[in-house]
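Given next are the chains, with one letter for each unit.
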There are 4 protein chains.
Amino acid sequence: MKKQLVMGIIGAGRIGRVHVESICTKIPGARVKTLADPFMNEETSQWAASMGVGSTTKDYKEILSDSEIDAVLICSPTDTHAPIIREAALAGKHIFCEKPIDLDIARIKKTLEIVEKAGVKFQIGFNRRFDHNFRAIRNAVEAGKVGEPQIISVKSRDPEPPSAEYAAASGGIFVDMTIHDFDMVRYLSGSEVEEVYVQGAVLVDPAIGEAGDIDTCIISLKFASGAIGVIDNSRKAAYGYDQRAEVFGSKGSVATANDNPSTAVLSTAEGISSEKPYFFFLERYMESFTQEMREFIAAVQDDTETPLGGIDALRPVQIAMAAGESLKTGKPVKVQY
Amino acid sequence: MKKQLVMGIIGAGRIGRVHVESICTKIPGARVKTLADPFMNEETSQWAASMGVGSTTKDYKEILSDSEIDAVLICSPTDTHAPIIREAALAGKHIFCEKPIDLDIARIKKTLEIVEKAGVKFQIGFNRRFDHNFRAIRNAVEAGKVGEPQIISVKSRDPEPPSAEYAAASGGIFVDMTIHDFDMVRYLSGSEVEEVYVQGAVLVDPAIGEAGDIDTCIISLKFASGAIGVIDNSRKAAYGYDQRAEVFGSKGSVATANDNPSTAVLSTAEGISSEKPYFFFLERYMESFTQEMREFIAAVQDDTETPLGGIDALRPVQIAMAAGESLKTGKPVKVQY
Amino acid sequence: MKKQLVMGIIGAGRIGRVHVESICTKIPGARVKTLADPFMNEETSQWAASMGVGSTTKDYKEILSDSEIDAVLICSPTDTHAPIIREAALAGKHIFCEKPIDLDIARIKKTLEIVEKAGVKFQIGFNRRFDHNFRAIRNAVEAGKVGEPQIISVKSRDPEPPSAEYAAASGGIFVDMTIHDFDMVRYLSGSEVEEVYVQGAVLVDPAIGEAGDIDTCIISLKFASGAIGVIDNSRKAAYGYDQRAEVFGSKGSVATANDNPSTAVLSTAEGISSEKPYFFFLERYMESFTQEMREFIAAVQDDTETPLGGIDALRPVQIAMAAGESLKTGKPVKVQY
Amino acid sequence: MKKQLVMGIIGAGRIGRVHVESICTKIPGARVKTLADPFMNEETSQWAASMGVGSTTKDYKEILSDSEIDAVLICSPTDTHAPIIREAALAGKHIFCEKPIDLDIARIKKTLEIVEKAGVKFQIGFNRRFDHNFRAIRNAVEAGKVGEPQIISVKSRDPEPPSAEYAAASGGIFVDMTIHDFDMVRYLSGSEVEEVYVQGAVLVDPAIGEAGDIDTCIISLKFASGAIGVIDNSRKAAYGYDQRAEVFGSKGSVATANDNPSTAVLSTAEGISSEKPYFFFLERYMESFTQEMREFIAAVQDDTETPLGGIDALRPVQIAMAAGESLKTGKPVKVQY
């Protein structure tokens with residue numbers, strides 16, 4: 001049996017807690033020694049203890065200086081990602097970081113250089129790659145079942161819009177929401193995005209528009225492989241969280257539907273109806289968060305490549321920048337790599 | 001009971017025969033008095049007689065000069081549409097014409113003016129509007145079930161590519177194939193297309209590219225209503241004729257799947273499988289051809305507006321022109337109305 | 001080209017008219033010379049003429065004595081089937097008869113003997129065998145795709161109950177409604193029913209119970225092949241006409257779903273909903289009525305076996321009798337052949 | 001926060017381990033203090049320790065005599081259930097027992113009397129009631145969405161037959177396999193089964209027949225409510241574990257399909273295919289095992305009724321006995337309560 005991996009988690013917000021729960025209840029091969037958060041309080045500490053977390057602290061540096069800890073998860077606010085990654089790398093810790101590393105390309109590159117020099121493992125948190133449906137598409141593509149990919153489509157629609165304040169602060173829809181889809185099209189196509197063109201609109205909430213963002217868009221894509229693609233986003237699908245994709249190729253297509261709470265179908269005089277897809281991303285993607293953690297932990301333990309490395313942290317941000325430029329100029333924009 | 005409409009059909013090719021069959025076998029309210037085709041031969045004449053067509057001729061002018069004939073169907077090659085429409089209009093015949101009227105915008109407009117002056121009914125042959133699935137989407141949209149339309153998507157993929165010669169001669173994918181989809185997005189959205197951007201590729205057959213055309217594309221659309229949309233086209237879907245659409249709006253979405261020959265599902269150790277969609281457009285759309293004819297005939301008999309008038313003949317060609325311009329320039333292009 | 005078959009139709013009720021329409025509008029290889037009905041009136045005559053029927057009469061004997069007529073369709077009330085079949089056979093006409101020939105087994109056998117002696121073609125009107133869905137099941141079974149059939153299931157539920165008077169006069173649910181399902185299980189399994197057990201109930205309309213009939217039942221079946229099966233019937237499915245089947249075998253299963261007016265799926269905050277199946281049997285099965293006629297006409301023209309011969313007219317009635325006995329005695333009953 | 005429930009688990013076989021895993025990794029409100037198994041070895045002890053189990057033993061009596069333990073799970077072989085339940089009840093432990101308590105009705109009743117006298121909580125392990133799909137049916141029925149239930153159908157087919165030895169030793173298909181379905185129809189209908197009739201066959205493995213059992217059956221059911229029902233069972237579905245149900249009632253029906261590993265649909269020239277249902281019952285039902293444990297633990301902690309009490313342990317065995325009698329006599333049999 002492998003040595004149990006000892007982990008520290010920085011950030012006890014929603015996503016930090018998701019990882020605590022995954023590791024403590026579903027991954028026997030690892031344990032959380034320390035959970036750090038500047039706002040750590042009694043309640044969170046008790047919850048952490050009940051989960052089996054060794055200790056809690058307000059100071060994440062305790063994690064970095066703890067020689068027993070092998071790996072850190074960085075779940076703190078985005079603007080702290082880059083500095084903490086640097087410190088963690090210099091401390092020799094393996095790193096899993098929530099997306100994005102940063103919104104500044106140069107800073108991301110700088111950060112990744114440090115990671116590489118330190119020789120530690122690095123994984124970025126694009127959890128949807130670990131989802132059973134998207135993985136089934138990828139597996140079919142890799143197995144050659146659809147032939148050469150020609151058209152990659154992603155429909156990605158949130159159940160509810162963020163507040164306009166959040167939208168503004170987030171850096172905009174492309175880095176906040178579409179960034180997952182930019183990663184997804186890279187994953188599904190096995191190719192890099194060369195050019196993007198954005199058709200954007202404010203159709204959900206005028207306040208989002210006033211805050212300088214959009215809430216609905218269609219993004220045309222051109223891939224290095226010659227394939228083309230399209231992402232459609234809305235900040236509000238009335239029926240819930242809509243997460244689907246299709247890869248169409250020379251031999252056919254593979255497509256996924258949404259996951260539902262049950263397969264029950266009700267047939268009455270009013271019609272035939274089934275359940276709405278999951279509304280909340282943690283219901284829809286919980287298993288994918290666990291799976292990404294399993295694979296990160298396994299990569300550290302087995303000293304193999306993580307499934308999502310530095311380049312995967314960088315590329316989606318670069319595409320998002322090009323998308324922003326396209327929205328601003330109204331023209332197709334080549335992605336700067 | 002209404003007086004039976006007396007019709008003449010010009011062109012005895014595939015689509016002309018489809019209309020003969022519809023009218024003779026499924027529409028009691030009309031009859032085909034004369035079928036004209038410059039290549040009329042014994043075999044076609046016998047087939048026509050067996051269907052109940054009154055007579056056949058090589059000269060379509062016999063139809064135009066026959067005072068008993070109320071309406072003509074123009075199913076001849078595209079380059080003859082405009083002149084025959086003019087003659088028919090001047091002869092006071094109601095007109096149903098296969099799409100497109102012409103590939104020259106000025107000539108279309110001129111032709112439509114003559115039709116309008118003549119005061120005859122005119123209908124253009126975008127049959128897909130009469131399909132049960134697309135009509136179900138439109139009905140849901142009109143009934144307000146999805147709220148305000150925000151994203152209109154059409155997936156339209158042919159089962160087999162045309163020859164490169166055909167592709168070249170056809171005027172290109174936008175006027176030959178996508179034109180149906182341009183009509184469809186106008187129909188589904190209830191709005192006009194203002195701007196298009198084309199991401200095109202040659203992925204199916206290099207010869208199509210050599211002939212100056214593309215065979216795969218994603219077309220981003222901006223509507224006058226503020227909605228946005230996307231059409232994806234391929235000249236070859238390995239699994240058959242793929243014809244789907246979705247309208248996503250403020251209250252939800254309505255989407256259609258393909259039609260299959262049966263609902264049978266086979267479950268074995270190899271997997272769960274169902275039938276492929278219809279391969280041939282006449283299998284898929286036969287009922288829509290009959291329905292468009294029923295509605296044309298009813299409009300003439302009841303002296304009401306035809307479901308698809310002159311503007312519906314013009315707009316898709318104008319959008320196709322803009323698409324061609326976008327493909328050439330690599331930029332989004334405003335549709336010239 | 002084959003000589004056009006000349007047909008006479010006896011009975012101008014709903015089903016007689018369905019056949020007139022099929023033959024006149026969809027089957028070029030045959031024509032209806034005469035339509036007979038004791039209640040023939042002006043309106044029906046005009047309708048027949050508009051369809052292309054040669055003449056109408058009140059006396060079906062005119063059909064039988066018309067030497068030009070090759071084949072007759074018997075669409076008159078059930079109690080006239082046996083005598084008219086006899087007369088038609090003696091007149092040398094090929095015969096298509098609506099189900100059932102009679103409710104008396106001895107009389108059916110006697111009638112079939114006369115038909116056989118006369119050497120004319122005979123087909124019984126179990127139209128569902130010609131339905132695309134059930135045929136897809138049968139094709140899969142015949143092709144060996146599910147291996148040896150083991151469990152045959154038919155769900156057959158009407159959209160609306162008949163009046164209690166009708167139920168009583170019809171001879172009961174087994175000969176009026178389930179008889180189609182008895183034919184269907186023979187067709188799908190390729191085997192004969194040896195034993196039946198009925199679990200019956202009156203759950204839809206107490207008046208049906210008072211009239212001595214049931215309106216809901218589950219019928220267990222044992223086949224000569226060793227397979228087993230089950231039919232479930234209800235006189236009222238609130239959501240429409242429910243017509244499904246499954247054959248489960250050693251290598252897998254093949255099952256069908258209902259046909260819907262469109263594939264449209266509406267997704268809103270209220271749920272995901274699709275269309276109800278067709279409500280009316282003529283909408284659901286229209287194409288099957290045409291197909292059974294095509295195959296009858298082809299069998300006469302080509303002098304081949306009809307797809308449903310005398311034995312197929314007899315067996316379902318024999319099974320229905322056994323079902324009636326089982327309902328009465330509360331015990332499983334062997335079918336008397 | 002409630003006091004954490006302290007549990008002992010008797011039996012470290014497959015199902016015992018499932019419960020260990022559920023409680024240790026997914027139910028923070030309980031912990032496993034002791035795991036007992038007469039064949040306890042080093043490997044199992046280590047596994048238990050890694051899960052967080054306090055200690056292991058070969059002697060289950062250590063659990064019963066441990067005053068800190070609140071509740072026991074009995075996961076030992078069936079013939080030990082009754083005696084251990086008695087001992088546990090007398091020791092004042094709350095009891096969860098895998099199905100069935102016993103195959104002897106008198107012994108079950110005696111055992112349940114002791115449990116009742118002891119005043120401890122009791123739950124029987126029919127896990128499928130806790131499955132999301134079947135629960136969705138039950139919820140729809142309880143909410144009145146299908147009106148009065150009229151026809152209850154369960155299709156329950158295993159992916160692979162047991163060995164003939166196992167089949168013989170198990171007491172036969174009705175107590176080994178169908179017993180889950182007998183519970184299910186009680187759950188879905190909300191009514192008791194009054195009468196059963198079995199149509200049984202040996203179609204999967206002749207050795208099962210030689211061992212005196214059957215491997216395929218259709219069981220007709222009559223409920224106290226007046227509803228009727230049917231269960232179809234096969235020991236081998238080539239495509240995997242087939243677990244579906246439908247309740248049809250006066251206002252409509254509610255039905256479930258199988259769960260699949262993903263929603264991916266592959267469309268190629270060969271056809272349209274999707275994934276097979278889960279093959280292994282632990283994949284299909286894992287979540288239901290956890291949920292039944294959650295609800296048992298909650299019932300103990302909150303001092304409320306368990307969701308499945310003594311009567312739910314008894315009734316399915318009584319129905320199974322009637323089914324056995326029906327198979328033997330070839331007649332419908334009333335269930336003896």
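Remember, predicted model here, so these are calculated numbers, not experimental data.

This part is about the interface of chain C and chain B. The interface is formed by 25 residues belonging to chain C together with 25 residues belonging to chain B. Both sides of the chain C and chain B interface together cover about 1,900 Å² of buried area, and 55% of this is carbon and sulfur. Of all residues in chain C, the largest losses of buried area upon contact with chain B belong to Thr25(C), Thr263(C) and Leu266(C), amounting jointly to 25% of the total for that side. Counting across the chain C and chain B interface gives zero salt bridges. Where chain C meets chain B, there are 11 residue pairs in polar contact (both at pLDDT 80 or more).

For the pair chain C and chain B, the relating rotation is 180°, the translation along its axis is 0.1 Å, and the fit reaches an RMSD of 0.1 Å. Overall, the copies show the geometry of a two-fold rotation axis. Taking C-alpha positions as the reference, the residue of chain C nearest the rotation axis is Thr25(C), at 2.0 Å. In this assembly, 100% of the residues forming the interface of chain C have copies in chain B that are likewise at the interface, indicating an isologous arrangement.

Right, let's get into the interface of chain B and chain A. A common way to express how large an interface is: the accessible area buried when the components associate. Every contact between the two is made by 38 residues of chain B and, on the other side, 38 residues of chain A. The contact between chain B and chain A buries some 2,800 Å² in all, and 64% of this surface belongs to carbon and sulfur atoms. Area buried by chain B at its contact with chain A is led by Gln199(B), Ile218(B) and Ile228(B), which between them contribute 20% of it. Counting every contact that joins chain B to chain A gives six salt bridges. Among the salt bridges present, the one from Lys155(B) reaches Glu246(A), with a minimum N-O distance of 3.4 Å. Elements with a contribution of two residues or more to the side of chain B that touches chain A: β7 (149–157), β8 (193–201), β9 (216–223), β10 (228–234), β11 (242–249) and β12 (252–255) of chain B.

Turning our attention to unusual backbone geometry. In this structure, the amide linkage connecting Lys99(A) to the following residue, Pro100(A), adopts the cis form with an omega of -10°. Position of Pro100(A) relative to the elements: it lies in the loop between β5 (94–97) and α5 (105–118). Phi is positive for Asp303(D), close to 50°, though the residue is something other than glycine. Positionally, Asp303(D) belongs in the loop between α10 (281–302) and α11 (310–329).

Below, the discussion takes up helix α11 (residues 310–329) of chain B. Residues and elements named next belong to chain B. For α11, built from 20 residues, the straight-helix expectation of 28 Å at 1.5 Å per residue is met to within 8% by its first-to-last C-alpha distance of 29 Å. Listed in full, the buried residues belonging to α11 are Asp312, Ala313, Leu314, Arg315, Pro316, Val317, Gln318, Ile319, Ala320, Ala322, Ala323 and Ser326. If you follow the buried residues of α11, they end up packed against α5 (105–118), β6 (122–124), α8 (173–189), β8 and β15 (333–334).

All names here are of chain D. Spatially, six strands are ordered β3-β2-β1-β4-β5-β6 in an open sheet, and the strand pairing comes out parallel. Two strands bound the open sheet, and with one partner strand each, they are β3 (55–57) and β6 (122–124). When the angles between neighbouring strand axes are averaged without regard to direction, this sheet yields 20°. By the bridge criterion, three bridges tie strand β2 (residues 30–36) to β3 in an arrangement that is parallel. Of the residues in β3, the one forming a bridge with alanine 36 is threonine 57.

Moving on to the confidence of the model for chain A. A residue-level look at chain A finds 100% of positions with pLDDT of 70 or above and a mean pLDDT of 96. The complex prediction reports pTM at 0.96, with the ipTM value standing at 0.95.

Here the focus is helix α1 (residues 14–26) of chain C. Across its 13 residues, α1(C) extends 18 Å between first and last C-alpha, which sits within 8% of the 18 Å expected from 1.5 Å per residue. Of all the positions in α1(C), only Ile15(C), Gly16(C), Val18(C), His19(C), Val20(C), Ser22(C), Ile23(C) and Thr25(C) are classed as buried.

Residues and elements named next belong to chain B. Where α5 meets α11, the axes come as close as 10 Å, and the angle between the chain directions of the two elements is 175°. Relative to α11, the element α5 is oriented roughly antiparallel. For the pair formed by α5 and α11, the contact residues are Ile105, Ile108, Lys109 and Leu112 on the first element and Gly310, Leu314, Val317, Gln318 and Met321 on the second. Looking at side-chain class alone, the contact of α5 with α11 contains six nonpolar, two polar and one charged residues.

Residues and elements named next belong to chain C. With respect to the element layout, proline 159 can be found in the loop between β7 (149–157) and α7 (164–169). Here proline 159 falls in the buried class, since its relative accessible area comes to 12%. A C-alpha to C-alpha distance of 6.1 Å links proline 159 and phenylalanine 279, two positions 120 residues apart in sequence. Residues contacting proline 159, with those up to four places away along its chain left out, are Arg235, Lys236, Ala237, Gly240, Tyr241 and Phe279.

Let us look at the pairing of strand β1 (residues 5–10) of chain D. All names here are of chain D. Counting buried positions along β1 gives six out of six residues, so the element sits mostly inside the fold. Burial of β1 is two-sided: the residues Leu5, Met7 and Ile9 facing one way and the residues Val6, Gly8 and Ile10 facing the other way are all buried. In this sheet, β2 lies alongside β1 in parallel orientation, the contact comprising six bridges. Counted as the bridge partner of methionine 7 is valine 32 from β2. Following the chain from β1 across helix α1 (residues 14–26) to the adjacent parallel β2, one finds a crossover that is right-handed. Pairing analysis gives four bridges linking β1 to strand β4 (residues 71–74), with the strands arranged parallel. Considered in β4, the bridge of glycine 8 is made with valine 72.

Below, the discussion takes up the sheet that holds strand β3 (residues 55–57) of chain C. All names here are of chain C. Taking strand neighbours across the sheet as the criterion, the six strands line up as β3-β2-β1-β4-β5-β6 in an open arrangement whose pairing is parallel. Each end of this open sheet is capped by a strand with a single partner; those strands are β3 and β6 (122–124). Shown here is a sheet whose adjacent strand axes are inclined to one another by a mean of 20°, direction ignored.

What follows covers the pairing of strand β10 (residues 228–234) of chain C. Residues and elements named next belong to chain C. Across the seven residues that make up β10, a large majority, seven, are buried. With burial as the criterion, each face of β10 is covered, one bearing Ile228, Val230, Asp232 and Ser234 and the other bearing Gly229, Ile231 and Asn233. As paired elements, strand β9 (residues 216–223) and β10 share seven bridges and run antiparallel to each other. Across the sheet, the residue bridging to threonine 216 is serine 234, located in β10. Once β9 ends, the chain turns through four residues before running back antiparallel as β10, passing glycine 226 with a positive phi of about 100°.

Calculation rules
Residues take numbers from 1 onward in each chain, read along the sequence in its written order. In the order they appear in the text, chains get letters beginning with A and ligands get numbers beginning with 1. Per-residue local features are limited, in this predicted model, to residues with pLDDT of at least 70; the limit for side-chain atom pairs, both in listing and counting, is 80 or more; totals at the level of whole chains, interfaces and linings are taken over all residues. As a rule here, side-chain values come from all non-hydrogen atoms in the structure, and water together with hydrogens is ignored. Contacts are assigned to residue pairs with any non-hydrogen atoms lying within 4.5 Å of each other. The buried area of a pairing is the accessible area, by a 1.4 Å probe, that goes missing from both parts when the two are put together, added over both. What counts as a salt bridge is simple: a side-chain nitrogen of Lys or Arg found within 4 Å of a carboxyl oxygen of Asp or Glu. Under this definition, polar contacts are N or O atom pairs within 3.5 Å; protein pairs additionally need one hydrogen-donor-capable and one acceptor-capable atom, and for neighbouring residues in sequence, both atoms have to be side-chain atoms. A least-squares superposition brings the copies together, and it is based on the C-alpha atoms of residues with pLDDT no lower than 70 in both. Note on conventions: DSSP H or I runs of at least 4 residues are helices, E runs of at least 2 residues are strands, and numbering of each starts at the N terminus. To estimate how far a helix should extend, the number of its residues minus one is multiplied by 1.5 Å. For each residue, the accessible area found with a 1.4 Å probe, counting protein chains only, is set against the maximum for its type, and the residue is called buried under 20%, exposed over 50%, and partly exposed in between. Whether two strands pair depends on DSSP finding at least two bridges between them. To obtain each axis, a line is fitted to C-alpha atoms, and for helices this fit is confined to the stretch in contact; angles are then taken between N-to-C directions over 0 to 180 degrees. A score from 0 to 100, pLDDT tells how confident the predictor is in each residue. Oblique is the label for every angle not falling under 35 degrees (roughly parallel), over 145 degrees (roughly antiparallel), or within 65 to 115 degrees (roughly perpendicular). Residues are sorted three ways: Asp, Glu, Lys and Arg are charged, Ala, Val, Leu, Ile, Met, Phe, Trp, Tyr, Cys and Pro are nonpolar, and all the rest, Gly among them, are polar. With strands facing away from the observer, any crossover in which the path from the first strand over the helix to the second runs clockwise is taken as right-handed.

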